[in-house]
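For reference, the chains in residue letters:
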Amino acid sequence: MKTLISNATIVNSDKSTRADLLTDGEKIREIARTIPHEAADRVIDASGMLLFPGGIDAHTHLDMPFGGTTSSDDFETGTRAAAFGGTTTIVDFAIQARGTKMRDALDIWWKKAESRACIDYGLHMIVTDLGEAGLEDMNDLVSEGVASFKLFMAYPGVLMVDDATIFKAMSQTAKNGALICMHAENGGVIDVLVKRALAEGKTAPIYHALTRPETAEAEAVHRAIALAEMAGAPVYIVHLSSEHALNQVREARDRGLPAFAETCPQYLLLSVEELERPNFEGAKYVFTPPLRPKHHLPKLWDGLKHDHLQVVSTDHCPFCFEDQKVLGIDDFTKIPNGGPGVENRLQLIYHHGVNSGRLSVNRFVEITSTTPARIFGMYPKKGVLAPGSDADIVIWDPEALHTISASTHHMRVDYSMFEGFQVKGNVRTVLSRGEVIVENNQFHGKAGRGSYLRRAARGGAWQ
Ligand code: URP
Ligand code: ZN
Ligand code: ZN
């Protein structure tokens, strides 16, 4: 199948060009000023439209067990919703159960994904236990295309690992070229603050935020970067939420260290007051790190603009309000941590970034597609519109108006964190490896068509 997309403005991270684009099978074959219509089986007129490389969300949690429940989107519903929002690749997280091999977790997550995923997917591995053979295990996983590992400095007794484990894992990645993704919050301090709050009868959702202070994040980011520097390894800070944490990354990068960080739409657009919503609705905004006071938001936008932050991911980890978030109605520590967002990332960042003049459209593509492809070892297969790359293409209508709502979204969750947000700029058509999977607000893909991505170690961003 050859599809010609004509008269579009092709937007890559480095430049925008008026051109036609021809796909051939799963790949982009040609980009030229004009391509004859006879070359194609189907022609899509994209006059007035922008063409982006398919969005890459490097941080999702589909079908993830947490706190006695499981995130409400599985690999089918979550990747279909992603496609509706113009995301054609996700990188999700497998979780090593303590005392087991990482390979076992990889098998479990492959099973969750392989018959369900509607778009291509990679996997990071969450390491909870290095044990005797953990370092060897990491090499084994790299050979299976798991080129990144997430470590937690928070959630003691569940996911948290100590500094020695972090340092050992980082030293291993310095050799095998993988990347450590760090959940950076000081779990020990938070644990004390949480116990203190509960003892004082403070059980409402807002105490989730008040027991996870900004300094607990900044300290952990600083420590993560210091450990990586000693190990001679790069480090990627996930879901960075606050100004002082951002300053740690900026200072490290100014010293030439390979330190990278992502933030998420919720930290750019929402603030801590959301957790004070009445009728327990603050629980809809319980995730970690927590939302911060408003003055952090412009600092994060500024960080994105100036490349102190490199990526916007979603940390999509949905739990329904009615039957999952309510688990913590009497105790905020029992509210499953996470929020939905995989469908809305491009809409929100385009509207609040590009339309508002905070970001160029090329920077928008860079932070939502090109850089995650590079950092996580998928470039130039993904993340760029160029001959030879996968034909993952978003035809974007910059004039389309849309109101975000749980009543129309495709994520399997009963609320939206961005309910009522109006955006200008939205998906018109989405191609994944040459196949039209979203058109006229209809889904044309199918479960199981998504492929597992064997990602390359040493993604390239720090070479
Ligand atoms: O609250 C969150 N962020 N849930 C997902 C797990 C994680 O830490 O990323
Ligand atoms: Zn995390
Ligand atoms: Zn996460």
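Everything below is about the structure shown above.
Please read all numbers here as calculations on a predicted model, not as lab measurements. (Residues numbered from 1 in each chain as written. Chains lettered and ligands numbered in written order. Predicted model: local features only at pLDDT ≥ 70, side-chain atom pairs only at ≥ 80, totals over all residues. Heavy atoms only, no water.)

A.B. asks: Please give an account of the packing of aromatic side chains that cites residues and values.
C.D. replies: Taken as a whole, this structure holds 17 aromatic pairs when the rule is applied. Their ring planes at 75° and their centres at 4.9 Å tell us that Tyr236 and Phe376 sit as a pair that is edge-to-face. Of the two residues, Tyr236 is situated in strand E13 (residues 235-237) and Phe376 in the loop between helix H12 (361-375) and strand E16 (393-403); the sequence distance between them amounts to 140 residues. Of the residues examined, Tyr236 reaches a relative accessible area of 1% and is grouped as buried. When the ring of Phe280 is compared with that of Phe321, the centres are 6.1 Å apart and the planes differ by 35°; the resulting orientation is tilted. Note that Phe280 is positioned in the loop between helix H9 (265-269) and helix H10 (296-305) and Phe321 in the loop between strand E15 (311-312) and helix H11 (345-355), a separation of 41 residues in sequence. By the burial criterion, Phe280 is buried, and Phe321 matches it. One Lys or Arg, Lys150, reaches over the ring of Phe93 and ends 5.2 Å from the middle of that ring. In this structure, Arg212 is placed above the aromatic ring of Tyr155, and the distance from its NZ or CZ to the ring centre is 5.4 Å. (Phe/Tyr/Trp six-rings, centres within 6.5 Å; stacked < 30°, edge-to-face > 60°. Helix = DSSP H or I, 4+ residues; strand = E, 2+ residues; numbered from the N terminus. Buried < 20%, exposed > 50% of the residue type's maximum accessible area, 1.4 Å probe, protein only. Lys NZ or Arg CZ within 6 Å of the ring centre and 35° of its normal.)

A.B. asks: Just give me the short version of the coordination of the zinc ion (ligand 2), but keep the residues and values in it.
C.D. replies: Coordination of the zinc ion (ligand 2) by the protein is provided by Lys150 (NZ), His183 (ND1) and His239 (NE2), with metal-donor distances spanning 2.1 to 2.2 Å. Positions of the donor residues of the zinc ion (ligand 2), expressed as sequence spacing, correspond to K-x32-H-x55-H. The distance between the zinc ion (ligand 2) and the zinc ion (ligand 3) is 3.9 Å. Taken together, the residues Lys150 in strand E11 (residues 148-152) and His183 in strand E12 (residues 179-183) connect sequence positions 33 residues apart. Taken as a pair, Lys150 and His183 share a single burial class, namely buried. (Donors = N, O, S within 2.8 Å, 3.2 Å for Na, K, Ca; no water.)

A.B. asks: I'd like to hear about unusual backbone geometry, residue by residue, with values.
C.D. replies: A cis amide bond links Thr288 with the next residue in sequence, Pro289, at an omega value of -15°. On the secondary structure map, Pro289 appears in the loop between H9 and H10. Geometrically, the link from Tyr379 to Pro380 is a cis peptide bond, its omega value of 5° lying close to zero. By the secondary structure assignment, Pro380 is in the loop between H12 and E16. Within the chain, Asp307 stands out as a residue other than glycine whose phi angle is a positive 65°.

A.B. asks: Please provide a residue-by-residue account of the coordination of the zinc ion (ligand 3), values included.
C.D. replies: Coordination of the zinc ion (ligand 3) by the protein comes from His59 (NE2), His61 (NE2) and Asp315 (OD), over a distance range of 1.9 to 2.1 Å. Classification of the site at the zinc ion (ligand 3) rests on its 4 donor atoms, whose angles at the metal span 87 to 130°, yielding the label tetrahedral. One chain supplies every donor for the zinc ion (ligand 3), spaced along it as H-x1-H-x253-D. (Tetrahedral: all angles 85-135°; square planar, octahedral: opposite > 155°, others 65-115°.)

A.B. asks: Would you mind going over the nonpolar core in detail, with residue names and values included?
C.D. replies: Nonpolar side chains tend to gather and get buried jointly when the protein is soluble and globular. In this structure, Phe52, Met125, Phe149, Met170, Met182, Ile237 and Leu240 are the most contacted members of the largest nonpolar core, which totals 121 residues. Looking at which element gives the most residues to this core, the answer is helix H7 (residues 214-231), with 8 residues. Filtering out sequence-adjacent residues up to four positions away, Ile237 remains in contact with Met182, Ala184, Val221, Ala224, Val249, Phe260, Ala261 and Glu262. Listed in part, the 16 residues of the second largest apolar core include Met49, Leu51, Ala391 and Val436. (Core = buried A, V, L, I, M, F, W, Y, C linked by side-chain atoms within 4.5 Å. Contact = heavy atoms within 4.5 Å.)

A.B. asks: Give a detailed account of the environment of Met1, specifying residues and quantitative values.
C.D. replies: For Met1, the location among the structural elements is in the segment before strand E1 (3-11). Residue classification places Met1 among the exposed positions, given a relative accessible area of 56%. As a C-alpha pair, Met1 and Gly177 span 176 residues in sequence and 37 Å in three-dimensional space. Once residues within four sequence positions are removed from consideration, Met1 is found in contact with Thr23, Asp24, Gly25, Asp41 and Arg42.

A.B. asks: Quick one: what's the story with the sheet that holds strand E9 (residues 87-95), residue by residue and with numbers?
C.D. replies: Pairing within the open sheet is parallel, and its 8 strands lie in the order E6-E9-E10-E11-E12-E13-E14-E15. Lying at the two open borders of the sheet, with one neighbouring strand each, are strand E6 (55-60) and E15. Across the face of the sheet, helix H8 (residues 243-254) comes into contact with E13 and strand E14 (259-263) while running at roughly 150° to E14. Contacting E6, E9 and E15, H11 runs over the sheet at an angle of about 115° to E6. (Pairing = 2+ DSSP bridges. Axes fitted to C-alpha atoms, helices over the stretch in contact; angles between N-to-C directions.)

A.B. asks: A description of the side chain of Thr370 should follow, citing residues and the corresponding values.
C.D. replies: Mapped onto the elements of the fold, Thr370 is located in helix H12. The buried category is assigned to Thr370, whose relative accessible area is 2%. The contacts of Thr370, once residues within four sequence positions are left out, are Ser13, Val365, Tyr379 and Gly383.

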